[in-house]
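Residues per chain, in single letters:
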Amino acid sequence: MVVRKVDYQSGPDKAWFTPLADGGDVPGFVGGTAPAGPQLIRAMNEQLILDHIRRSGELSRAELARLTKLSKPTVSLTLSNLERTGLVRQCGTRTGTPGPAAILYEIRPEAGSVLALDVGSEYLRGAICDLSGARRADATIEAKAATGHGRVGELVKLAERLYAESGIAAADITQAVLGTPGVHDPGRNALSLTGALPGWEKPTVLAELRAAFGPSLMIENDIDAAALAEQAHGHGHDVQTFAFVSIGTGIGMGLVLGGRLHRGVHGAAGEIGYLPLDHGTGTDARDARKRGRLEAAASAAGIVRSARRLGMSRPASARAVFAAAADGDPRAVAVVAAEATLVARAIASIVVVVDPELVVLGGGIGQADGFLSQVGRALPEYSPVLPELRVSALGADAVVDGCLAAGLERAWVLTTAAVPASESGVS
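Let me sum up the structure you'll find in this document.

Its 19 residues give helix H1 (residues 38–56) an end-to-end C-alpha distance of 27 Å, which sits within 8% of 27 Å, the value for a rise of 1.5 Å per residue. Residues of H1 that are buried: Leu40, Ala43, Asn45, Glu46, Gln47, Ile49, Leu50, Asp51, His52 and Ile53. In the stretch just after H1, Gly57 is the one whose phi turns positive, near 95°.

See the structure below:
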């Protein structure tokens with residue numbers, strides 16, 4: 001049996017998902033540990049080689065021996081076991097080097113697949129990737145439903161479109177992951193802190209999601225997922241401690257500490273929309289009670305409110321306010337300046353608690369042209385130390401990218417745990 005200890009387990013500071021059918025964690029581990037017997041050693045060798053092939057795409061036996069520090073006979077035996085179980089395959093040869101042509105190995109894509117969905121207030125996005133990480137389909141649709149039940153129906157339709165485009169049936173999905181505002185409330189067995197998604201906190205929504213996408217559905221906070229994507233593909237790739245701060249229709253933070261995503265005991269780490277920060281023109285007491293003072297004042301809705309209260313002729317969106325500021329409208333300039341100051345105060349609050357090396361701004365407002373420089377100019381007034389500030393290089397699919405990354409890790413656990421010991425060469 002192939003086993004692996006991974007981050008994605010149930011419990012505090014872990015992504016929430018339905019546990020394995022037998023109620024345990026990863027088979028072969030008890031309480032996260034196991035004696036280092038022959039079975040565990042073989043399993044660890046298999047996982048080590050799989051991880052290197054996943055990261056590199058394709059590798060030869062000699063390259064694997066050099067990277068893993070395992071002997072060539074051990075690498076050869078391990079590759080034979082993995083070929084027999086269908087997890088890796090030969091994909092060609094490498095020539096032009098001394099000696100015989102080197103056989104190359106890659107992950108067998110058909111061994112598993114991941115469905116990732118992102119539920120936002122304006123758009124629903126999704127993608128399917130195979131076990132090698134290659135995207136097989138992606139799609140975006142406009143969110144129109146006004147109820148939780150309707151939104152689940154839209155997600156089902158989006159998934160059906162992805163199944164058709166990828167040629168992968170729903171029954172062949174190894175792991176489904178949903179990126180959503182909020183966190184899982186185990187007491188109610190429902191989502192909570194979902195912000196601007198009406199009806200999304202009803203327990204029936206979670207039941208419908210499980211019925212549609214399977215009982216092992218992973219629920220990942222959307223901004224945490226974006227932080228995972230930033231860690232895998234963006235500015236956080238080589239940074240051990242950073243904060244991903246998203247400012248758009250909502251406000252949230254994904255926090256990576258020591259190279260690992262930090263969720264907190266209740267999953268609420270990063271819900272900075274509830275920081276007691278605001279400014280007069282964008283504040284709305286009712287909205288603040290619903291989703292927090294900072295989010296009510298500094299999200300897109302708060303920017304539009306602020307602009308209208310300063311006399312702008314009913315701007316339709318935060319984007320319109322930023323465009324007017326770029327054109328020199330003094331009222332819009334004042335709104336954007338106040339927004340930058342408010343975001344700087346929020347970042348200062350993060351700095352004095354976490355002291356991150358890097359803060360990455362994402363979301364439609366966080367990535368607006370010139371906004372980062374305004375935040376950077378305001379920050380020294382409030383923060384005792386100054387982290388590096390960057391604008392996320394990731395696009396609108398950041399949440400989907402993070403869900404794929406989380407789902408791939410979980411899919412590997414499910415795929416390798418299902419391999420019988422007799423097939424993996426373990427007696």
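Where helix H10 (residues 318–326) meets helix H11 (residues 330–354), the closest approach of the two axes is 7 Å, and the angle between their N-to-C directions is 115°. Handedness of the crossing formed by H10 with H11: left-handed. Residue-level contacts link Val321, Phe322, Ala324 and Ala325 of H10 to Ala332, Val333, Val335 and Val336 of H11. Each residue belonging to the contact of H10 with H11 can be placed in one class, and the counts come to eight nonpolar, no polar and no charged.

Further remarks concern the sheet that holds strand E15 (residues 358–362). Here we have five strands laid out as an open sheet, ordered E14-E13-E12-E15-E16, and mixed in their pairing. The open sheet has two free edges, formed respectively by strand E14 (260–262) and strand E16 (388–391), since each of these has just one partner strand. On average, each strand axis in the sheet is tilted by 25° relative to the strand beside it, whichever way the strands run. Inspection of the sheet shows strand E12 (residues 242–247) paired to strand E13 (residues 251–257) by six bridges, in the antiparallel sense. Along E13, the bridge assignment pairs Phe242 with Val256. Docked against the sheet, H11 engages E12, E13, E15 and E16, running at close to 155° with respect to E12.

Here we come to the packing of H1 against helix H3 (residues 72–85). If you want to describe how two helices pack, look at the angle between their axes and the distance between the axes. Closest axis-to-axis distance for the H1/H3 pair is 10 Å, and the angle between their directions is 80°. Classified by the angle their axes make, H1 and H3 are roughly perpendicular. Here Asn45, Glu46, Ile49, Leu50 and Ile53 of H1 lie close against H3, whose contacting residues are Thr74, Val75, Thr78, Leu79, Asn81 and Leu82. Looking at the contact of H1 with H3 residue by residue, the classes come out as six nonpolar, four polar and one charged.

Its identity is not glycine, yet Lys69 carries a phi of approximately 65°, on the positive side. Looking at the secondary structure, you find Lys69 in the loop between helix H2 (61–68) and H3. Positive phi values are uncommon outside glycine, yet Asn189 reaches one of about 50°. Residue placement: Asn189 occurs in the loop between strand E9 (183–185) and strand E10 (190–192).

What follows concerns the pairing of strand E6 (residues 123–130). Among the eight residues of E6, seven are classified as buried, and the element is accordingly described as predominantly covered. One ladder, built from seven bridges, connects strand E5 (residues 113–119) with E6; its direction is antiparallel. The residue bridging Ser113 from the neighbouring strand is Asp130, located in E6. In this structure, E6 lies alongside strand E7 (residues 135–142), joined through seven bridges in antiparallel fashion. Paired with Ile128 across the two strands is Ala137, which belongs to E7. Here E6 hands over to E7 after four residues, with Gly133 in that stretch at a positive phi of 95°.

Mapped onto the elements of the fold, Ser306 is located in helix H9 (residues 300–309). Owing to a relative accessible area of 1%, Ser306 belongs among the buried residues under this scheme. Dropping the residues within four chain positions of it, Ser306 is found in contact with His279, Thr281, Gly282 and Val335.

Below, the discussion takes up the sheet that holds strand E4 (residues 102–107). Here three strands make up an open sheet; going across it, the order is E2-E4-E3 and the pairing antiparallel. Each of the sheet's edge strands pairs with one partner strand only, and the pair in question is strand E2 (59–60) and strand E3 (88–94). Where E3 meets E4, six bridges bridge the pair, whose relative direction is antiparallel. When the bridges of E4 are listed, Arg94 appears paired with Ala102. Contacts from H1 reach E2, E3 and E4 within the one sheet, and its direction differs from that of E4 by about 90°. Lying over the sheet, H3 contacts E3 and E4, oriented at roughly 120° with respect to E3.

It is worth spelling out the pairing of strand E8 (residues 175–180) at this point. Among the six residues in E8, six count as buried, and that is most of the element. The alternating pattern of E8 places Gln175, Val177 and Gly179 on one face and Ala176, Leu178 and Thr180 on the opposite face, and all of these are buried. Here five bridges tie E5 to E8, and the two strands are oriented parallel to one another. Of the residues in E8, the one forming a bridge with Leu117 is Leu178. Pairing geometry for E8 and strand E11 (residues 218–221), over four bridges, is parallel. Bridging from a neighbouring strand, Gly179 pairs with Glu220 of E11.

Of all hydrophobic cores here, the largest spans 44 residues; its most connected members are Ile49 and Ile53. Broken down by element, this core gets its largest block of residues, nine residues, from helix H14 (residues 398–417). Setting aside anything within four residues of it in sequence, one finds Ile53 in contact with Glu58, Leu59, Leu64, Leu79, Val88, Tyr105, Glu106 and Ile107. Counting residues in each nonpolar core, the second largest holds 42 residues, with Ala298, Val321, Ala346 and Ile365 among its members.

What counts, and at which threshold
- Residues numbered from 1 in each chain as written.
- Predicted model: local features only at pLDDT ≥ 70, side-chain atom pairs only at ≥ 80, totals over all residues.
- Heavy atoms only, no water.
- Helix = DSSP H or I, 4+ residues; strand = E, 2+ residues; numbered from the N terminus.
- Expected span 1.5 Å × (residues − 1).
- Buried < 20%, exposed > 50% of the residue type's maximum accessible area, 1.4 Å probe, protein only.
- Axes fitted to C-alpha atoms, helices over the stretch in contact; angles between N-to-C directions.
- Left-handed = near helix turned anticlockwise from the far one by under 90°.
- Contact = heavy atoms within 4.5 Å.
- Nonpolar A, V, L, I, M, F, W, Y, C, P; charged D, E, K, R; others polar.
- Pairing = 2+ DSSP bridges.
- Parallel < 35°, antiparallel > 145°, perpendicular 65-115°, else oblique.
- Core = buried A, V, L, I, M, F, W, Y, C linked by side-chain atoms within 4.5 Å.

Coordinates in, geometry out; function isn't part of it.
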